[in-house]
Every structure is written in structure tokens, then in C-alpha cells.
Amino acid sequence: MSLTNVTTETSIAPLRTKLDQCRASGATVGFVPTMGFLHDGHGSLMRTASERNDVVVASIFVNPLQFAPNEDLDRYPRNLEGDTAIAATNGVDHLFVPTVDEMYPQGNVLTNISVSDLSERWDGVSRPEHFGGVATVVSKLFNIIGPCHAYFGEKDYQQLAIVRRMVTDLSIPVEVVGCPTLREADGLAMSSRNSLLTTEDRAAAVVLRRALDRGMELHGDGETDPERIVAAMTEVVSAEPRARLDYAAAVDPTSIRVPEVLGADARLLIAAWFGTTRLIDNTASTVGGAGQAFTETQQSPTG
Ligand code: PAF
């Protein structure tokens, strides 16, 4: 882990100039887009970016476009001082912290990037405008940062699939790299939203990991009926009275569609409410791979 003097930039133009100069001198650029309130999951993306690139830039921008009016934009946690320290200790050279005015100077945004199909299921059902907002801001960030390697956590698996597809469809000169989810000691996926949970809901939220483990166990033992796997995951969540399941799914890892028969490699997805906070999680699952289920001694084995 390298210690750097991180510089904070709030404007697009000077950041672009700096990064263009870096590339002109032959340096590679690693980019970690975030909404701040950083935790070690972000830290691991930054460390990977730093190990593999000459210059690392991370953005902190709580993007209003990806929150519906009834969602948690206003209570989304923020801590720029803490974030700067985490970025500095994880190899970030430049923090890009634009205001909403800098990103959307006209106020309203008339151009929206929509990645159809992939955006329309799972989280896209509960949050119909979310992925349009994500794709729009990520494409804008990619235009600002320029050619780079961009690091995304697998915890947001659907987001990662959408960003990959957008980059391919639009020939954006960015290589998207998916990185494993980091977990707390009890298996809960690290997320900035975990800080919004009450103590009781925080303890209950580990049920997400237990449900994924149950699904992996069944699939690992050779069950290929997605409905049976989902039923088993649902049963685990039902046993936790503080959890309200949004969806559980067993899908093809690339199309994120439910196949009639699951292949040897699948992705299990889950989302649930704990009080007013909605959490998501997912894992890779492989026939014959039941032994990979999370145990409390592991830190971050899977996405
Ligand atoms: O995953 C996130 O933190 C956000 O969706 C992202 C990619 C930074 C876009 O706002």
C-alpha cells in the first residue's frame, strides 16, 4: 500500500489537463468512481488501481440523477475528511470532488444514457430510473477522466454488467475491471448504506449472506432449477423478521436473466429492506462449488 499526497480537484478542466499530461508522458491512469463515505471495499478498489496504474484518480460525487425523489439522496452519508484520508492511504493521487453545478451546469440534464434490457430487471424494477442515472454519470465521468482502467465493485453486479455493456456499445476507451466484494467479519457486504442501519437491523442484515450461502449450497450440490434455489433463499430471509425481501434470483452471469436451467456457473442476486434501508448483495455460484460459501473467518472471498 503506497502513501500519497492526494490532491483534491473540484473542476473538470484542470483535472482533464493534468490527466492528459500524465497520459502524454506515457503514464497509465486508474479510475475509481464512488459516491463517497468510503470504506475498505472502496479502499481495495483504490489499492488495485494503484498496483496496476501509474496515476490513480477517484471521484466522489453523490449523483442526484440516480436517486428517485422518494429515495435516500438527502440522507446519503457524507464525510469528505474521512474519505480524503482513506484515499490518501490507498494510493489515490487525485480526488475529483465536483459540485452538482460543476457536473450539471444547465440544471436539468437533457441527455440520458439508457442501457436497455440489462437495466430493466432486478434493481431496475424497484428503482426504474436508477440505472439511467448511473449510466449517464458514469459516461460523463469517463469523458472527463479520459482513457483509463476503471475499477468497480462486484457488489453492484447489475451496475457492473450495465457499465461493461455501455462501454462496449459506445466504444468508450475505458477498460472496466470488476473487483471482488469486501465483507465484514460476519459476512455482510461492505456498503456505505450499512451506516444507516440501526444496531438491530445491522445484526439482521447478515441474513443476506446466509441466503446466498444456502443458494450456493443447493446449486453447488447440483440443483439447476432456478426457482428451487430462489425458494430456498427466500425461506432463509423469511426466518428473519426484520428483513423484507425485495427479490432473490438465480441468473445467468452475463445476461443476468433467469434461464430455464441454470448452467454450471451462475450468479445469485438478492435485495432486501431493513427498516428504511435497502441493501443488495450477490455471489458467484458454481456446481460443485458449495465449499466456497462464506464462513465467519473469511474476509472477502466472493463477489
Ligand atoms: O457505485 C456507485 O458508487 C455509483 O453508482 C457510481 C458508479 C459512483 C455512479 O454514481
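Definitions and limits used
Think of each chain on its own: its residues are numbered from 1, step by step along the sequence as written. Given that the model is predicted, a residue must reach a pLDDT of at least 70 before its local features are reported, and side-chain atom pairs must reach 80 or more before they are shown or counted; all residues, however, enter totals for whole chains, interfaces and linings. Side-chain measures were taken over the full set of non-hydrogen atoms in the model, leaving aside hydrogen atoms and water. Starting at the N terminus, helices and strands are each numbered in turn, a helix being any DSSP run of H or I of at least four residues and a strand any DSSP run of E of at least two. Relative accessibility thresholds used throughout: buried, under 20% of the residue-type maximum; exposed, over 50%; partly exposed, between the two (1.4 Å probe, protein chains only). Taken from the helix axis, the directions to the C-beta atoms give the arc we talk about. Every residue pair with non-hydrogen atoms within 4.5 Å of one another is taken to be in contact. By this definition, two strands are paired if DSSP reports at least two bridges between them. Note on geometry: axes are lines fitted to C-alpha atoms, helical ones only across the stretch in contact, with angles between N-to-C directions running from 0 to 180 degrees. Each Phe, Tyr or Trp ring (for Trp, its six-membered ring) is paired with any other whose centre lies within 6.5 Å, and the angle between the two planes then decides the class: stacked below 30 degrees, edge-to-face above 60, tilted in between. Residues enter a nonpolar core if they are buried and are Ala, Val, Leu, Ile, Met, Phe, Trp, Tyr or Cys, with the set joined through side-chain atoms within 4.5 Å. Here a crossover is taken to be right-handed if, once the strands point away from the viewer, the path from the first strand over the helix to the second is traced clockwise. Any residue with at least one heavy atom within 4 Å of a molecule or strand is counted as near it. Under the rule applied, a polar contact is a pair of N or O atoms within 3.5 Å (in protein, one hydrogen donor and one hydrogen acceptor; residues adjacent in sequence only if both atoms are side-chain atoms). A 1.4 Å probe and the Shrake-Rupley method give the accessible areas. Residues count as covered only by the protein chains that appear here. Residue type decides the class: Asp, Glu, Lys and Arg count as charged, Ala, Val, Leu, Ile, Met, Phe, Trp, Tyr, Cys and Pro as nonpolar, and the leftover types, Gly among them, as polar.

Colleague: Account for the environment of Val-92, with residues named and values stated.
Modeller: With respect to the helices and strands, the residue Val-92 is situated in the loop between helix H3 (80-89) and strand S4 (94-96). Judged by relative accessible area, which is 0%, Val-92 ranks as buried. The sequence separation of Val-92 and His-149 amounts to 57 residues, and the corresponding C-alpha distance is 14 Å.

Colleague: Residue-level account of H3, with values.
Modeller: Those residues of H3 that fall on the buried side of the exposure criterion are Asp-83, Ala-87 and Ala-88. All buried residues of H3 lie within an arc of 135° about the axis, which places them on one face of the element. Buried residues in H3 make contact with helix H2 (40-52), strand S3 (55-60) and S4. Just downstream of H3, Gly-91 is the residue with a positive phi angle, here 90°.

Colleague: So what about the sheet that holds strand S8 (residues 265-274)? Which residues, and what values?
Modeller: Ordered in space as S7-S8-S9, the three strands form an open sheet in which the pairing is antiparallel. Edge positions in the sheet fall to strand S7 (243-251) and strand S9 (277-286), since each has one partner strand and no second. For this sheet the average axis-to-axis angle between neighbouring strands, irrespective of direction, equals 15°. For S7 and S8, the ladder comprises eight bridges, and the chain directions are antiparallel. The residue of S8 that forms the bridge with Ala-248 is Ile-270. Across the face of the sheet, helix H10 (residues 226-238) comes into contact with S7 and S8 while running at roughly 155° to S7.

Colleague: Any details on the packing of aromatic side chains? Residues and values, ideally.
Modeller: Applying the stated rule across the entire model yields five aromatic pairs. Note on Phe-31 and Phe-142: the rings are 6.3 Å apart at their centroids and 75° apart in plane angle, and the pair reads as edge-to-face. One end of the pair, Phe-31, is in strand S2 (residues 29-34); the other, Phe-142, is in helix H6 (residues 130-145), with 111 residues separating them in the sequence. Of the residues examined, Phe-31 reaches a relative accessible area of 0% and is grouped as buried. Residue classification places Phe-142 among the buried residues on the basis of a relative accessible area of 2%. Here the aromatic residues Phe-31, Phe-142 and Phe-152 are joined through ring pairs into a cluster of three or more.

Colleague: Got a sec to walk through the nonpolar core? Specific residues and values, please.
Modeller: Ranked by internal contacts, the top residues of the largest apolar core, which has 44 residues, are Phe-142 and Ile-145. Top contributing element to this core by residue count: H6, with nine residues. In contact with Ile-145, other than residues within four places in its own chain, are Leu-15, Leu-19, Arg-23, Val-29, Phe-31 and Val-57. Listed in part, the 24 residues of the second largest apolar core include Val-237, Ala-243, Ala-250 and Leu-262.

Colleague: Go over the pairing of strand S6 (residues 174-179) with me, naming the residues and quoting the values.
Modeller: One face of the sheet, then the other: side chains in a regular strand alternate in exactly this way. Sheet topology places strand S5 (residues 148-153) next to S6; six bridges connect them, and they run parallel. In the sheet register, Phe-152 faces S6, and the bridge partner there is Gly-178. Handedness of the crossover joining S5 and S6 through helix H7 (residues 157-169) is recorded here as right-handed.

Colleague: Explain the sheet that holds S6 to me, using residue names and the numbers behind them.
Modeller: Taken in spatial order, the six strands of this open sheet run S1-S4-S3-S2-S5-S6, and their pairing is parallel. The sheet terminates laterally at strand S1 (7-9) and S6, the two strands that pair on one side only. This sheet shows a mean twist of 25° between the axes of neighbouring strands, independent of strand direction. Pairing of S2 with S3 involves six bridges; the strand directions are parallel. By the bridge assignment, Thr-34 is partnered in S3 with Ile-60. H6 rests against S2, S3, S4, S5 and S6 of the sheet, and its axis sits at about 150° to S2.

Colleague: Give me the lowdown on the environment of Leu-245, citing residues and values where you can.
Modeller: Positionally, Leu-245 belongs in strand S7. Owing to a relative accessible area of 29%, Leu-245 belongs among the partly exposed residues under this scheme. In this structure, the C-alpha to C-alpha distance between Leu-245 and Ile-270, residues 25 residues apart in sequence, is 8.0 Å. If we skip the residues at most four places from it in the chain, Leu-245 touches Thr-234, Val-237, Ile-270, Ala-271 and Ala-272.

Colleague: Explain the site of the ligand to me, and be specific about the residues and the numbers.
Modeller: As a structural note, the neighbourhood of the ligand is formed by Pro-33, Thr-34, Met-35, Gln-66, Val-137, Val-138, Phe-152 and Gln-159. With respect to the ligand, the side chain of Gln-66 contributes an N or O atom lying 2.7 Å from an oxygen atom. Residue Gln-159 places a side-chain N or O atom 2.7 Å away from an oxygen atom belonging to the ligand. Relative to its unbound accessible surface of 290 Å², the ligand loses 89% to contact with the protein. Elements that contribute at least two residues to the shell around the ligand include exactly S2 and H6. Split into classes, the residues belonging to the shell around the ligand amount to five nonpolar, three polar and no charged.

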